[in-house]
Amino acid sequence: MFLLDAHLDLAMNAMEWNRDLRQPLEAVRERESAWTDKPDRGNGVLTFPEMRRGQIGLCVATQIARYVKPGSKLSGWHSPEQAWAQTQAQLAWYRVMEEQGELVQITDLDQLEKHLGKWFSSSVDSGSHNQLPIGYILSLEGADSMVNLSYLERSYESGLRALGLGHYGPGTYAPGTGAEGGLSQAGKDLLREMDRLGMILDLTHLSDEAFWEAMDIFSGAVWASHCNCRSIIPHQRQLNDEQLKAIIQRNGVIGMVFDAWMMHVGWERGVTTPQSVDLKLERIIDHVDHICQLAGNANHVGIGSDLDGGYGTEQCPGDVQSIADLQNLESILAERGYTVDQIRSVFHGNFLNVLRSAWA
Ligand SMILES: [Zn+2]
């Protein structure tokens, strides 16, 4: 079934992890198997061929570059200008992948429907979908790289259509995961500018206070591209029931994320293994169920896998060796009582609804 993945860090993998995503997965793993600079070396699960095999014909793909002040323990760039330049290197990689027919940028309704038409009329059996470019909607994860407000419109002109204000730690615009407090004045101004441009607000990673302020100020379309439920896995990084309900009320969608620590209580990075706690894909259905219960329907949950977000097989469900394995969610959802229409909504329909209403 066609799958829309609402959160992938493709360009980060290309430009910081030095992965050529056009290659077969085995080749990417083999090439970096002796490296130890990142915890997921040799364990990646995403390449373009694997995305096509998993029928992921459309994704929301990020630019991501953090700015860190002196004394910060987080990794990141030492000035917003350097962070901006990093996002532009990432954009340059997306562009060259477009030139090669691997990717196609989707920025409006017309492009969206044309792209979907091609994928929906392609056939997995004949492999004709392997000839199609993968669509991507450009998003920015954490807004630190916006040197000032004028950079947002420049980014919009480059195709940026969704933005999350914070990431990890304190941010220029909003505190993110692990930080507390509300939006800065710059954050409030950025939201109003996003509204003017018709961009989508990604609520992922915001501190609770910033979440509610953002919901108040911003009037456009919202989603939480990659978040699970706090009531199941308690952590500020996840959304509590009030937040989930507020997103549902705004016709937003929450994308289910497969980072192991967000699926298993007490996961210790680098210590726990998917096998030691029998972590499997099915575990995510508790979160899907919970959101559907709160909504009273299956119209507000999707997939934002984040499966290339700085981890690989060492920190994702044990039955995911490739992003293509997300296709198994179809039968898992069916076994848990979801109808074909509901599964279609989760796989792509719900996020498409947000895009269609944002771009109408
Ligand atoms: Zn993230």
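This write-up is about the structure you can find in this document. Computed from a prediction, not measured in an experiment: that's the story for all the values here. (Residues numbered from 1 in each chain as written. Predicted model: local features only at pLDDT ≥ 70, side-chain atom pairs only at ≥ 80, totals over all residues. Heavy atoms only, no water.)

**Notes on the coordination of the zinc ion**
In an ideal octahedron of six donors the angles at the metal are 90 or 180 degrees, and in an ideal tetrahedron of four donors they are 109.5 degrees. The protein atoms that coordinate the zinc ion are E141 (OE), H205 (NE2) and H226 (NE2), at distances spanning 2.0 to 2.2 Å. Each donor residue of the zinc ion belongs to the same chain, with the gaps between them written as E-x63-H-x20-H. With E141 in strand β4 (residues 134–141) and H226 in the loop between β7 (222–224) and α9 (241–249), the pair connects residues that are 85 residues apart, well separated along the chain. Each member of the pair E141 and H226 is classed as buried. (Donors = N, O, S within 2.8 Å, 3.2 Å for Na, K, Ca; no water. Helix = DSSP H or I, 4+ residues; strand = E, 2+ residues; numbered from the N terminus. Buried < 20%, exposed > 50% of the residue type's maximum accessible area, 1.4 Å probe, protein only.)

**Considering the packing of helix α8 (residues 208–217) against α9**
At their nearest, the axes of α8 and α9 sit 12 Å apart, and the two run at 20 degrees to each other. As the angle between them shows, α8 and α9 are arranged roughly parallel. The two elements α8 and α9 cross, and the hand of that crossing is left-handed. Each of D208, F211, W212 and M215 in α8 lies in contact with α9, whose residues at this interface are E242, Q243, A246 and I247. Looking at the contact of α8 with α9 residue by residue, the classes come out as five nonpolar, one polar and two charged. (Axes fitted to C-alpha atoms, helices over the stretch in contact; angles between N-to-C directions. Parallel < 35°, antiparallel > 145°, perpendicular 65-115°, else oblique. Left-handed = near helix turned anticlockwise from the far one by under 90°. Contact = heavy atoms within 4.5 Å. Nonpolar A, V, L, I, M, F, W, Y, C, P; charged D, E, K, R; others polar.)

**Some points on the side chain of Q236**
Among the secondary structure elements, Q236 is positioned in the loop between β7 and α9. Its relative accessible area of 16% is what places Q236 among the buried residues. Those residues within four positions of Q236 in sequence are excluded, and the remaining contacts are G176, T177, G178, A179, E180, S207 and R230.

Read these as geometric descriptors, not functional statements.
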